[in-house]
Amino acid sequence: RSCRPRMMRLLTHNMLTSHVKGVKNGYPLILRVGELVVQEVEFNPDFIVRMLPRLDWPALVQTANSIGRPEIPAIPATVPEQPESNEEFLRAAHTLLLEVHIKEGEMECPESHKVFPIRNGIPNMLLEEEES
Amino acid sequence: ELFYDSVEARKYTANTRMIEIQQQLTQRCIELLNLPEDQTCFLLDIGCGSGLSGDELSELGHVWVGMDISRDMLDVASEREVEGDLFHQDMGQGVGFRPGTFDGVISVSALQWLCNADKRSHNPRKRLHRFFSSLYACMSHGARAVFQFYPESPDQMELVTTFALKAGFTGGIVIDYPNSTRAKKVFLCLFAGTVGTLPSGKSEH
Ligand SMILES: [Zn+2]
């Protein structure tokens, strides 16, 4: 087992949609990063390959570019052909999806503009009664 | 106070007997999930608390996301260095993930809270509907959701089952050791996108 706390990862962010009541286009949540940490996670290529079809790759690229930090690995604009046999690609995807941890920052619903603060790695997704 | 404050959260997490019970309940939930063998799955833990259930998922090599209404419990989870991503969230307000995100969902000792109206504005039926419909939408085809919970009455068991089925799930209640007041455990076992056969509860014979 590794021994540092996990914080929100970009894999999870890529899967998140806004749960604000009545929102039709709540994806992707706009991510603004205050502090991020890179924590090593065991490389599991099979898992990355299995998750690829579930990801919104353009949203991932857009989010990675918007963060714009040197810790963010370069990834191609589209998933290459036969990703399962492209280790260089899988390692970059692995770092981006599972090793970059958002410690402080916020996410914003693109439609309702509800803001979800991230404090000590934990996003606050609570809604006001009228938003739920 | 309904939820755990900081002191209670720490006490709860340090209680050996409590840990043991949570582990057993989680292991049974995982068994009922019936995940493919030797595969790292992406799982959701609803009411993850201080991460005792998540530890069992990590132990098996799964990647998980946990959510809980108590920030104090989540802070304990964070201090304990659990491996899942943690979200401060009220399940009655629904969950928001892309379609087909999760290979499975577990929940240990949390679902009964959804039946309570802990605020005047809370409407349990509305919250049950919102929860189950949003959960159904983010599960992968053929995935299961297993909730161990403590229903306060047969009516409450029926209520949660009704709202789960209305949301599109199939499945129902599985009871282990139904004739034992001590060992009896209730699970709501749900299938998304397929018609599954409800597993049998454990019994003395
Ligand atoms: Zn509320």
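Residues numbered from 1 in each chain as written. Chains lettered and ligands numbered in written order. Predicted model: local features only at pLDDT ≥ 70, side-chain atom pairs only at ≥ 80, totals over all residues. Heavy atoms only, no water.

Observations regarding the overall build of chain A
Argument step 1. Scanning chain A from terminus to terminus reveals four helices and five strands.
Argument step 2. Helices and strands in chain A line up, N terminus first, as β-α-β-α-α-α-β-β-β.
Argument step 3. The C-alpha atoms of chain A give a radius of gyration of 15 Å, which matches the 14 Å a tight globule of 132 residues would have.
Argument step 4. In terms of overall dimensions, chain A has C-alpha extents of about 50 × 35 × 25 Å along its principal axes.
Argument step 5. A burial count over chain A gives 52% of its 132 residues as buried.
Argument step 6. If you take every contact in chain A between residues at least 6 apart in sequence, the share linking residues at least 24 apart comes to 69%.
Argument step 7. Only carbon and sulfur atoms are counted for the fraction: they give 48% of the accessible area of chain A, which is about 6300 Å².
Argument step 8. Of the side-chain charges in chain A, 14 are positive and 19 negative, and the distance between the mean point of each set is 5 Å. (Helix = DSSP H or I, 4+ residues; strand = E, 2+ residues; numbered from the N terminus. Rg over C-alpha atoms; globule rule 2.2 N^0.38 Å. Buried < 20%, exposed > 50% of the residue type's maximum accessible area, 1.4 Å probe, protein only. Contact = heavy atoms within 4.5 Å. Areas by Shrake-Rupley, 256 points an atom, 1.4 Å probe, with all protein chains shown as cover. Lys, Arg positive; Asp, Glu negative; His and termini not counted. Charge placed at Lys NZ, Arg CZ, Asp CG, Glu CD.)

Thoughts on helix H4 (residues 71-79) of chain B
Argument step 1. What H4(B) keeps buried is the set B:Arg71, B:Met73, B:Leu74, B:Val76, B:Ala77 and B:Ser78.
Argument step 2. Buried positions along H4(B) lie against strand S4 (115-119) and strand S5 (122-123) of chain A together with helix H1 (6-14), strand S2 (63-68) and strand S3 (85-88) of chain B.
Argument step 3. Immediately beyond the C-terminal end of H4(B), within one or two residues, lies B:Glu81, with a positive phi of roughly 60 degrees.

Considerations on the packing of H1(B) against helix H2 (residues 16-33) of chain B
All names here are of chain B.
Argument step 1. Two elements in contact, H1 and H2, have axes whose closest approach is 5 Å; the angle formed by their N-to-C orientations is 75 degrees. One element, H1, and the other, H2, form an angle in the roughly perpendicular class. Seen from H1, the contacting residues are Tyr12, Thr13 and Ala14; seen from H2, they are Thr16, Met18, Ile19 and Gln22.
Argument step 2. Taken together, the residues of the contact of H1 with H2 sort by class into four nonpolar, three polar and no charged. (Axes fitted to C-alpha atoms, helices over the stretch in contact; angles between N-to-C directions. Parallel < 35°, antiparallel > 145°, perpendicular 65-115°, else oblique. Nonpolar A, V, L, I, M, F, W, Y, C, P; charged D, E, K, R; others polar.)

Re the sheet that holds strand S7 (residues 185-191) of chain B
What links the strands of a sheet is backbone hydrogen bonding, and the strands pair in either a parallel or an antiparallel sense.
Residues and elements named next belong to chain B.
Argument step 1. An order of S3-S2-S1-S4-S5-S7-S6 is seen for the seven strands of this open sheet, with the pairing classed as mixed. Of all the strands in the sheet, just S3 and strand S6 (170-176) have a single pairing partner and so form its edges. For this sheet the average axis-to-axis angle between neighbouring strands, irrespective of direction, equals 15 degrees.
Argument step 2. The sheet contact formed by strand S1 (residues 42-46) and strand S4 (residues 102-108) spans three bridges and is parallel. Bridge assignment links Leu44 to a residue of S4, and that residue is Val105.
Argument step 3. In the packing of H2 onto the sheet, contacts are made with S1, S4, strand S5 (139-149), S6 and S7, and the angle to S4 comes to roughly 150 degrees.
Argument step 4. Most of the contacts of helix H5 (residues 124-137) go to S5, to which it runs at about 140 degrees, and overall it touches S1, S4, S5 and S7. (Pairing = 2+ DSSP bridges.)

Concerning the confidence of the model for chain B
Fine structural detail should not be taken from predicted coordinates in areas where pLDDT scores are low.
Argument step 1. With 97% of its residues at a pLDDT of 70 or more, chain B has an overall mean of 92.
Argument step 2. The ipTM assigned to the predicted complex is 0.95, against a pTM of 0.94. (pLDDT = per-residue confidence, 0-100.)

Quick notes on the interface of chain B and chain A
Argument step 1. Contact residues are listed per partner, giving 38 residues for chain B and 37 residues for chain A.
Argument step 2. With both chains or domains summed, chain B and chain A bury close to 3300 Å², and 48% of this area falls on carbon and sulfur atoms.
Argument step 3. If you sort the residues of chain B by the area they bury against chain A, B:Arg71, B:Gln93 and B:Arg98 come out on top, with a joint share of 21%.
Argument step 4. For B:Asp103, the salt bridge goes to A:Arg54, with nearest N and O atoms at 2.6 Å.
Argument step 5. Counting across the chain B and chain A interface gives 19 residue pairs in polar contact (both at pLDDT 80 or more).
Argument step 6. Looking at the side of chain B that touches chain A, the elements that each hand over two or more residues are S2, H4, S3, S4 and H5 of chain B. (Buried area = accessible area lost by both parts, 1.4 Å probe. Salt bridge = Lys/Arg side-chain N within 4 Å of Asp/Glu carboxyl O. Polar contact = N/O pair within 3.5 Å; in protein donor to acceptor, adjacent residues only side chain to side chain.)

Topic: the packing of aromatic side chains
Argument step 1. For the structure on display, the rule yields 10 aromatic pairs over all chains.
Argument step 2. When the centroid spacing of 4.9 Å and the interplanar angle of 75 degrees are considered together, the rings of B:Phe97 and B:Phe102 count as edge-to-face.
Argument step 3. Judged by its relative accessible area of 6%, B:Phe97 falls in the buried class.
Argument step 4. Of the residues examined, B:Phe102 reaches a relative accessible area of 0% and is grouped as buried.
Argument step 5. Counting every residue linked through ring pairs, the aromatic cluster contains A:Phe47, B:Phe42, B:Phe87, B:Phe97 and B:Phe102.
Argument step 6. One cation-aromatic arrangement involves B:Arg98 over A:Tyr27; the distance from NZ or CZ to the ring centre is 4.9 Å. (Phe/Tyr/Trp six-rings, centres within 6.5 Å; stacked < 30°, edge-to-face > 60°. Lys NZ or Arg CZ within 6 Å of the ring centre and 35° of its normal.)

Concerning the nonpolar core
Argument step 1. Ranked by internal contacts, the top residues of the largest apolar core, which has 76 residues, are B:Phe132, B:Leu135 and B:Phe147.
Argument step 2. Examining the composition of this core, we find that seven residues originate from one element, helix H4 (residues 87-99) of chain A, more than from any other.
Argument step 3. Residue contacts for B:Phe147: discarding those within four places in its chain leaves B:Ile46, B:Ser107, B:Leu111, B:Phe131, B:Phe132, B:Leu135, B:Val186, B:Phe187, B:Leu188 and B:Leu190.
Argument step 4. With 22 residues, the next largest nonpolar core counts B:Cys29, B:Leu74, B:Ile106 and B:Cys189 among its residues. (Core = buried A, V, L, I, M, F, W, Y, C linked by side-chain atoms within 4.5 Å.)

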